[in-house]
Amino acid sequence: MMEEVILEIADLKKNYGSKSVLNGVSLQVKKGEIIGYIGPNGAGKSTTVKIILGIEDNYSGKINIFGHDISDGNIEYKRKIGYVPEIAEVYDNLTGQEYLTFIGELYGLDLDLANYKAKSLMELFGIGEVYHSRIASYSKGMRQKLLIISSLLHNPELLFFDEPINGLDANSVMIFKEIMTQLAAQGKTIFYSSHIMDVVEKISSRIILLHDGKIAADGTFEELKQQNTKGSLEQIFNQLTGFNEHRELGERFVSVVKEM
Amino acid sequence: MQDFRTLKLLDRFEYVFSRFGVDYKIMRKILQVKLTMDGRRVPTIFSQNVKNKDQETNNQYIKSLWIYVVFGLFLIPFVLMGENYLFQMSLFFGIFTFFVMTSMIADFSSVLLDIRDRNILFPKPVDRKTVSTSKMVHVAIYLSFLTIALVSIPLIVGLVKNGVLFFLVSILNIVLIDLLIIGVTALIYLFILRFFDGEKLKDIINYVQIGLSLMIMVGYQLLIRSFQFIDLTVSLEPQWWQIFIFPMWFGANMEMIMNGSFQLLYLLFTALGILIPLLSIWIYMKYNHVFEQNLQKLTYHGKSKENKQSKLRQLFLKGICHSNEERAYFRFASSMMKNERDFKLKVYPSLGFSIVIPFIFIMNGYNTNFNDLSTSKSYLTIYFSLIIIPTIMILLKFSGKYKGAWIYRVTPIKQLKPIFSGTIKAFIFKLYLPVYLLLSAVFIVVFGVRVLPDLIIVFLNACIYAVICFMILKKSIPFSESIDQYNQNSNGAIVFGLMLFVALFAGIHYVSTLFSYGIYLYLVIAIICLATLWKQAFNITWEKIMR
């Protein structure tokens, strides 16, 4: 049961014009895993997720989700996927209630059920009082919570979280981490990308590091530590992405700041 | 960044600003940035593609001023009419105030209510006074453009006819009115912000904008007619209650100076005309910090009430939408249409217009005899209300929040049919039906119950028409494209072509009334047409949308 492959990507390539973003990414994700998908800015993390969800097309390679190739045009697989995008673009002239019930209904939920779930989840996440306010009036953290809720309304099997804790306060991050752990224990699979290394380090059961459109490392945190002789995920990240000039760059930066 | 001529002109007053403790150099910098940003406002698809330097100088606002030049021409008769300055000039200033005030609320609200200043400028070592003065000057610059566009031609006419004194006093008065308008507008905002939250204020601004657009549309039709009604020989005796009609303050000083009639009431009016504008600006300056504090409310929004869906509405919705999905899209489209201000601004004025236009045509046809009217076939003018349908059908795919459309790709949407049918039903029932019902009610009163079958046919035809428009127009997911891409001209030909259908509907309708039971036959045909078209129209695949 635990060995069931949920997502399989083989030799995924994608380019925007002459600029290639993904140069052959291959990976397998098994049921119940929490995958920390990390990499420097522009490494292609969000692109990978967008291709899997059908937001971006024109790629080469194979993507199988729940055992089906997604290029066959059957979108039934999306019913079992939840997605939190990196940038919180929503129809924010709607109220939280209007937006969430609409999303729920898009996933085939009954209006009353969607309304009930959305309201309860908002309340549990501490933003119940803005359920009937326009999203335009939400703070950054509230929007992020709304997006997280909108990705979970339909009880999906596979979750893609792209920078999900952006703008959340420390307490909410703790709730969210707990939610992820609980979801994984229920057999949900989570694909999680973030720049905050210590969160990734703590919650991921497996870490995949993407660099220049290729996988530079793949394994549990312990495995990565053994391979790289460095202490924290942050240091491993620096080492694997070939970045060691931070001290020198920092010094030069400050010296320019001092110039008057 | 370019240097603006306006700012070079402003440089001459550097000393004045410095005297009041404003850091002129900083203020100039702020204004330069703001004017540059204004020049880039309203980015159309073209200006985003072509990034050349010439584009930057094109300020959309300046371009839109020509319409005010045209409106200014309507002021000329008041200057030319005669020597009854109290009456003429009060009207003159009244109309002027109306235009400036509405445009102030519609166009300058964004400047007055800009809260970015707070976040960007306040943390910097910039004096508060400098920031608020630059805001005032920014508004004043645009206000002076608008004023010049409106009154320069009438005033030059006045200079020729009534002499230099008239010209100078008018200019002084107009400056005072401008001050009054800035002061009063800011105080109105202050008042609204004190008691309501930002969303309410935005809604109010939105409705003023809608009202202004509608007023311009209708006013254009009515203004020319109204000149027949104005009695040129009105003689106006000053009354005490006229003290509340503030354009009269300015009319009074014209009367006093030009005709030399120094009455006590005139003196009082004149004094008010000078004092109140200065006072309002002074109050605004004095309470500016309160204003700025309350501006913070724009980012805060009170808890809004839960709007419960009544049982009746749910039942109604069940009746018109059969599948759950369709109902979801119906609700979504309805709330988008209700809440999105960009959409409302583009659509509501034409909705209002479509209510008015049938009556304008009736009035043109029948000026005198009501009996003729009620037995005539003038009720067919209700078809004019259909001409808004193509424009709105085009607009339905646009949204200011189009980036939220990623949800369509992420969610498992197999069939597009419910998206389109739900949205179009929402349009028909939420936007068109109220207009139709209002018109029908008035028409039944005017023409009698006999037109009821005709009105039902009109509604069926409106539905058929919406479907036809949908079939002919380029299809897109609703609310998925940037509203900035909406370009009235590019659709002009196709909208015009679609309007011919209205003529066709009305023509057939007219013919059907010539035979007994003709309209009942038409009714049956219309129902069949609608049913067939509705079945066919929405079978659309994703491929068709992607192009």
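Scoring rules and cut-offs
- Residues numbered from 1 in each chain as written.
- Chains lettered and ligands numbered in written order.
- Predicted model: local features only at pLDDT ≥ 70, side-chain atom pairs only at ≥ 80, totals over all residues.
- Helix = DSSP H or I, 4+ residues; strand = E, 2+ residues; numbered from the N terminus.
- Rg over C-alpha atoms; globule rule 2.2 N^0.38 Å.
- Buried ≥ 20, exposed ≤ 12 C-beta atoms within 10 Å, placed from the backbone.
- Contact = placed C-beta atoms within 7 Å.
- Nonpolar A, V, L, I, M, F, W, Y, C, P; charged D, E, K, R; others polar.
- Expected span 1.5 Å × (residues − 1).
- Bend = angle between axes of the 7 residues up to and from the residue.
- Core = buried A, V, L, I, M, F, W, Y, C linked by C-beta atoms within 7 Å.
- pLDDT = per-residue confidence, 0-100.
- Pairing = 2+ DSSP bridges.
- Right-handed = clockwise from strand over helix to strand, strands pointing away.
- Axes fitted to C-alpha atoms, helices over the stretch in contact; angles between N-to-C directions.
- Parallel < 35°, antiparallel > 145°, perpendicular 65-115°, else oblique.
- Left-handed = near helix turned anticlockwise from the far one by under 90°.

1. As for the overall build of chain A
1) Next: Scanning chain A for helices and strands turns up nine helices and 10 strands.
2) Next: For a compact globule of 260 residues, the expected C-alpha radius of gyration is about 18 Å, and chain A comes in at 20 Å, within 12% of that figure.
3) Next: With the principal axes as the frame, chain A shows a C-alpha extent of 55 × 50 × 40 Å.
4) Next: Expressed as a percentage of its 260 residues, the buried residues of chain A come to 43%.
5) Next: The long-range share in chain A, meaning contacts at least 24 apart out of those at least 6 apart in sequence, stands at 66%.

2. Thoughts on the overall build of chain B
1) Next: When helices and strands are counted, chain B shows 28 helices and two strands.
2) Next: Split into buried and exposed, the 547 residues of chain B put 33% on the buried side.
3) Next: Residue pairs at least 24 apart in sequence account for 82% of intrachain contacts in chain B once pairs closer than 6 positions are excluded.

3. Describing the interface of chain B and chain A
1) Next: At the junction of the two partners, chain B supplies 27 residues and chain A supplies 28 residues.
2) Next: A per-element tally of the side of chain B that touches chain A places helix α19 (residues 324–339) of chain B first, with eight residues.
3) Next: Its residues placed into classes, the side of chain B that touches chain A shows nine nonpolar, seven polar and 11 charged.

4. Some points on helix α24 (residues 417–447) of chain B
Residue and element names in this part refer to chain B.
1) Next: Here α24 contains 31 residues, and its C-alpha end-to-end distance of 39 Å is more than 12% below the 45 Å for a straight helix at 1.5 Å per residue.
2) Next: When the local axis directions of α24 are compared, the greatest deviation, roughly 45°, occurs at Tyr-432, which is followed within four positions by the proline Pro-434.
3) Next: Once α24 finishes, Gly-448 follows within two positions and takes phi at roughly 90°, a positive value.

5. Remarks on the nonpolar core
1) Next: By size, the foremost hydrophobic cluster in this structure holds 135 residues, and its most contacted members are Ile-149 and Ile-190 of chain A together with Ile-389, Ile-392, Ala-462, Tyr-465 and Ala-466 of chain B.
2) Next: Element by element, the count of residues in this core is highest for helix α25 (residues 452–472) of chain B, at 12 residues.

6. What to know about the environment of Cys-321 of chain B
Residues and elements named next belong to chain B.
1) Next: Mapped onto the fold, Cys-321 is located in the loop between α18 (311–320) and α19.
2) Next: Among the residues examined, Cys-321 registers 21 C-beta atoms within 10 Å and is labelled buried.
3) Next: Residues Cys-321 and Val-164 lie 157 residues apart in sequence; the distance between their C-alpha atoms is 69 Å.
4) Next: When sequence neighbours within four positions are dropped, the list of residues in contact with Cys-321 reads Glu-326, Arg-327, Phe-330, Gly-422 and Lys-425.

7. Overview of the confidence of the model for chain B
All names here are of chain B.
1) Next: Across chain B, pLDDT averages 79, with 83% of residues at or above 70.
2) Next: A low-confidence stretch, residues 43–57 stays under pLDDT 50, and its non-local contacts, those more than four residues away or across chains, total 13 contacts.
3) Next: Interface confidence for the predicted complex, expressed as ipTM, amounts to 0.71; the pTM equals 0.72.

8. Some thoughts on the pairing of strand β8 (residues 189–193) of chain A
Residues and elements named next belong to chain A.
1) Next: Extensive coverage of β8 is indicated by the burial of five of its five residues.
2) Next: With burial as the criterion, each face of β8 is covered, one bearing Thr-189, Phe-191 and Ser-193 and the other bearing Ile-190 and Tyr-192.
3) Next: Both strand β3 (residues 34–38) and β8 contribute to a ladder of four bridges, which runs parallel. Bridge pairing links Ile-34 to Ile-190 in β8.
4) Next: Relative to β8, strand β7 (residues 158–162) runs parallel, the two sharing five bridges. Bridge pairing links Phe-160 to Phe-191 in β8.
5) Next: Each parallel crossover has a hand, and for β7 linked through helix α5 (residues 170–185) to β8 it is right-handed.

9. Thoughts on the sheet that holds strand β9 (residues 206–211) of chain A
All names here are of chain A.
1) Next: Read across the sheet, six strands follow the order β6-β7-β8-β3-β9-β10 without closing on themselves; strand pairing throughout is mixed. Sheet topology places β6 (81–84) and β10 (214–219) at the edges, where each strand pairs with a single neighbour. Averaged over all neighbouring strand pairs, the angle between strand axes comes to 15°, with direction disregarded.
2) Next: Most of the contacts of helix α4 (residues 140–152) go to β6, to which it runs at about 170°, and overall it touches β6 and β7.
3) Next: Against the sheet, helix α8 (residues 233–240) makes contact with β3, β9 and β10, and its axis sits at roughly 30° relative to β9, the strand it touches most.

10. Some points on the sheet that holds strand β1 (residues 5–16) of chain A
All names here are of chain A.
1) Next: Judged by pairing direction, the sheet is antiparallel, and its four strands sit side by side in the order β2-β1-β4-β5 without closing on themselves. In this open sheet, the two strands that pair with only one neighbour each are β2 (19–30) and β5 (68–69).
2) Next: Across nine bridges, the pairing between β1 and β2 is antiparallel. Along β2, the bridge assignment pairs Val-5 with Lys-30.

11. With respect to the pairing of β10 of chain A
Across a regular strand the side chains alternate sides, sitting on one face of the sheet and then on the other.
1) Next: When β9 of chain A meets β10 of chain A, the two strands line up antiparallel, connected through five bridges. Directly across from Leu-210 of chain A, in β10 of chain A, lies its bridge partner Ile-215 of chain A.

12. A look at the environment of Ser-255 of chain A
1) Next: Among the secondary structure elements, Ser-255 of chain A is positioned in helix α9 (residues 246–258).
2) Next: Owing to 9 C-beta atoms within 10 Å, Ser-255 of chain A belongs among the exposed residues under this scheme.

13. Remarks on the packing of helix α7 (residues 221–228) of chain A against α8 of chain A
Residues and elements named next belong to chain A.
1) Next: Closest axis-to-axis distance for the α7/α8 pair is 10 Å, and the angle between their directions is 55°. With respect to each other, α7 and α8 are oriented oblique. The two elements α7 and α8 cross, and the hand of that crossing is left-handed. Across from Phe-221, Leu-224 and Asn-228 in α7, the residues of α8 making contact are Leu-233, Ile-236, Gln-239 and Leu-240.
2) Next: In terms of residue class, the contact of α7 with α8 is built from five nonpolar, two polar and no charged.

14. So, unusual backbone geometry
Residues and elements named next belong to chain A.
1) Next: Despite not being glycine, Phe-66 has its phi angle at roughly 50°, a positive value.
2) Next: Topologically, Phe-66 is positioned in the loop between β4 (60–65) and β5.
3) Next: Despite not being glycine, Asn-155 shows a phi value in the positive range, around 50°.
4) Next: Tracing the backbone shows Asn-155 in the loop between α4 and β7.

15. Things to note about the packing of helix α15 (residues 246–259) of chain B against helix α16 (residues 264–286) of chain B
Residues and elements named next belong to chain B.
1) Next: For the pair α15 and α16, the least separation of the axes is 8 Å and the interaxial angle reads 125°. By the angle between their axes, α15 is oblique relative to α16. As α15 runs across α16, the sense of the crossing is left-handed. In this structure, α15 uses Met-248, Trp-249, Phe-250, Ala-252, Asn-253, Glu-255 and Met-256 to contact α16, whose residues at the interface are Tyr-266, Phe-269, Thr-270, Leu-272 and Gly-273.

16. A short note on the confidence of the model for chain A
1) Next: Residues with a pLDDT of 70 or more make up 99% of chain A, whose mean pLDDT is 87.
2) Next: No element of chain A has a lower mean pLDDT than α7 of chain A, at 81, and none a higher one than helix α3 (residues 111–124) of chain A, at 93.

17. So, the environment of Phe-359 of chain B
All names here are of chain B.
1) Next: Following the sequence through the fold, Phe-359 ends up in helix α20 (residues 341–365).
2) Next: The exposure class of Phe-359 is partly exposed, given the 16 C-beta atoms found within 10 Å.
3) Next: Separated by 23 residues in sequence, Phe-359 and Ile-382 place their C-alpha atoms 8.6 Å apart.

18. A few points about α4 of chain A
Residues and elements named next belong to chain A.
1) Next: The end-to-end C-alpha distance of α4 is 19 Å, a good match for the 18 Å that 13 residues give at a rise of 1.5 Å each.
2) Next: Counting buried positions along α4 gives 10 out of 13 residues, so the element sits mostly inside the fold.
3) Next: Residues Met-142, Arg-143, Gln-144, Lys-145, Leu-146, Leu-147, Ile-148, Ile-149, Ser-150 and Ser-151 constitute the buried set of α4.
4) Next: If you follow the buried residues of α4, they end up packed against β6, α2 (96–106), α3, β7 and α5.

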